[in-house]
Amino acid sequence: MRWKMHASDFKKLSNTELDQTLKQAVRKERQLLSEILLHMVEVDRRKLFLTLAYPNLFDYLTKHIGYSAGSAQRRIDAARLSKEESPKVTHQQNESVRLEVTLTKAQWGKLNQMRELLSSSLPSGSWDEVLEYVSDKVITQKSPKTKITVDAPNNHSNEKDSIQTQHTKETDMRRARKPLVRSVRHQILKRDQCCQYQDQKTGKVCGTKWHLHADHIQPVWAEGSNDAKNLRILCASHNLEIYRSQAGISRRI
Ligand SMILES: [Zn+2]
């Protein structure tokens, strides 16, 4: 079979054969890519990466499947899986990240006003530096003393769980909720430091430090307490995934 040919065999092919063999190989490559993309769409629909303790499809494709960052991102783009993502995040080959976000006119006005106010500190006015400057300020002010990277809605003064408000089933579940004391949340963050979701089959722990939430192991609606031993840190994706399973919310087919 042509596919089992060794490198030296190609030297024996006539020009016509070489041309035809390459065309066959490219056709096969396209079919395979199409199959791979269909798999990826289904993995994304099932959120299989969450079950396997990866916080997102990109991490699953790079760390579990073995694609390079660029290959993974190209396939995600090809499968249009990032279409609904806002902002659109593109991981580039040099590990930099390209961010595309749509702003309202008012938001754009505010950003420009902020940049002008920072002009004495950041004369270049480049947006990457402006964002980094503001990020540093927020991190310094908002991070717990443990210096854990956190971007959790739970840190905001309005403590309503952003995940639960997306659904209608849980009115009863929220009824008994008492706000988690900030010091307890910091204690849990210091203890866990990252998402504690574990794939029961492999033992793999998610471990991401992005978008962390404090989660009740025994839910509040099931009389779970706010004690540290009933709390764990989860990323937003795994928090939502566990909430879905507890609430019996199935994924749309
Ligand atoms: Zn996670």
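All of these numbers come straight from a predicted model, not from anything done at the bench.

### Focus: the packing of aromatic side chains
Here's step 1: Counted by the stated rule, this structure contains two aromatic pairs.
Here's step 2: Aromatic pair Tyr-54 and Tyr-60: ring centres 6.1 Å apart, planes at 75°, arrangement edge-to-face. The same class applies to Tyr-54 as to Tyr-60, namely buried.
Here's step 3: With 5.4 Å between their ring centres and 40° between their planes, Trp-108 and Trp-127 make a pair best called tilted.

### Here's the deal with the coordination of the zinc ion
Here's step 1: At the metal site, the zinc ion is ligated by Cys-195 (SG), Cys-206 (SG), Cys-235 (SG) and His-238 (ND1), and these contacts range over 2.1 to 2.4 Å.
Here's step 2: Counting residues between consecutive donors of the zinc ion along the chain gives the motif C-x10-C-x28-C-x2-H. Here the residue Cys-195 occupies a position in the loop between helix H9 (182–192) and strand S3 (212–216), and His-238 occupies one in helix H10 (residues 236–247), the gap between them amounting to 43 residues. With respect to class, Cys-195 is no different from His-238; both count as buried.

### Things to note about a nonpolar patch on the surface
Here's step 1: Residues Val-101, Leu-103 and Trp-108 make up a contiguous nonpolar surface patch of about 270 Å² in total accessible area.
Here's step 2: Look at Val-101 and you get partly exposed, because its relative accessible area is 49%.

### Considerations on unusual backbone geometry
Here's step 1: Even without glycine at this site, Gln-193 takes up a positive phi of about 70°.
Here's step 2: Although it is not a glycine, Glu-223 adopts a positive phi angle of roughly 65°.
Here's step 3: With respect to the element layout, Glu-223 can be found in the loop between S3 and strand S4 (231–235).
Here's step 4: When its relative accessible area of 73% is taken as the criterion, Glu-223 is described as exposed.

### Some details on the environment of His-238
Here's step 1: A residue is classified by how much of its surface remains accessible, and His-238, at 0% relative accessible area, is buried.
Here's step 2: Spatially, the C-alpha atom of His-238 lies 7.0 Å from that of Pro-55, the residues being 183 residues apart in sequence.
Here's step 3: Setting aside chain neighbours within four positions, we find His-238 in contact with Leu-50, Ala-53, Tyr-54, Pro-55, Cys-195, Tyr-197 and Cys-206.
Here's step 4: Here Leu-50 takes part through its backbone oxygen, which lies 2.7 Å from a polar atom of the side chain of His-238.

### So, the environment of Lys-88
Here's step 1: For Lys-88, the position within the fold is in strand S1 (residues 88–91).
Here's step 2: On a C-alpha basis, the gap between Lys-88 and Thr-102 in space is 9.3 Å, while along the polypeptide they are 14 residues apart.

### Here's the deal with H9
Here's step 1: Buried residues of H9: Val-184, Arg-185, Ile-188, Leu-189 and Asp-192, and no others. Along the axis of H9, the buried positions cluster into a sector of 140°, meaning they face one direction only.
Here's step 2: In this structure, the buried residues of H9 make contact with S3 and S4.
Here's step 3: Positive phi appears at Gln-193, one or two residues downstream of H9, with a value of about 70°.

### Some words on H10
Here's step 1: Between its first and last C-alpha, H10 extends 16 Å over twelve residues, near the 16 Å set by a 1.5 Å rise per residue.
Here's step 2: For H10, the full list of buried residues reads His-238, Asn-239, Glu-241, Ile-242, Tyr-243, Arg-244 and Ala-247.
Here's step 3: Just downstream of H10 lies Gly-248, where phi reads positive at about 70°.

The rules behind these values
Residues numbered from 1 in each chain as written. Predicted model: local features only at pLDDT ≥ 70, side-chain atom pairs only at ≥ 80, totals over all residues. Heavy atoms only, no water. Phe/Tyr/Trp six-rings, centres within 6.5 Å; stacked < 30°, edge-to-face > 60°. Buried < 20%, exposed > 50% of the residue type's maximum accessible area, 1.4 Å probe, protein only. Donors = N, O, S within 2.8 Å, 3.2 Å for Na, K, Ca; no water. Helix = DSSP H or I, 4+ residues; strand = E, 2+ residues; numbered from the N terminus. Patch = residues over 30% accessible without salt bridge, like charges linked within 9 Å, V, L, I, M, F, W, Y side chains within 5 Å. Areas by Shrake-Rupley, 256 points an atom, 1.4 Å probe, with all protein chains shown as cover. Salt bridge = Lys/Arg side-chain N within 4 Å of Asp/Glu carboxyl O. Contact = heavy atoms within 4.5 Å. Polar contact = N/O pair within 3.5 Å; in protein donor to acceptor, adjacent residues only side chain to side chain. Arc of directions from axis to C-beta. Expected span 1.5 Å × (residues − 1).

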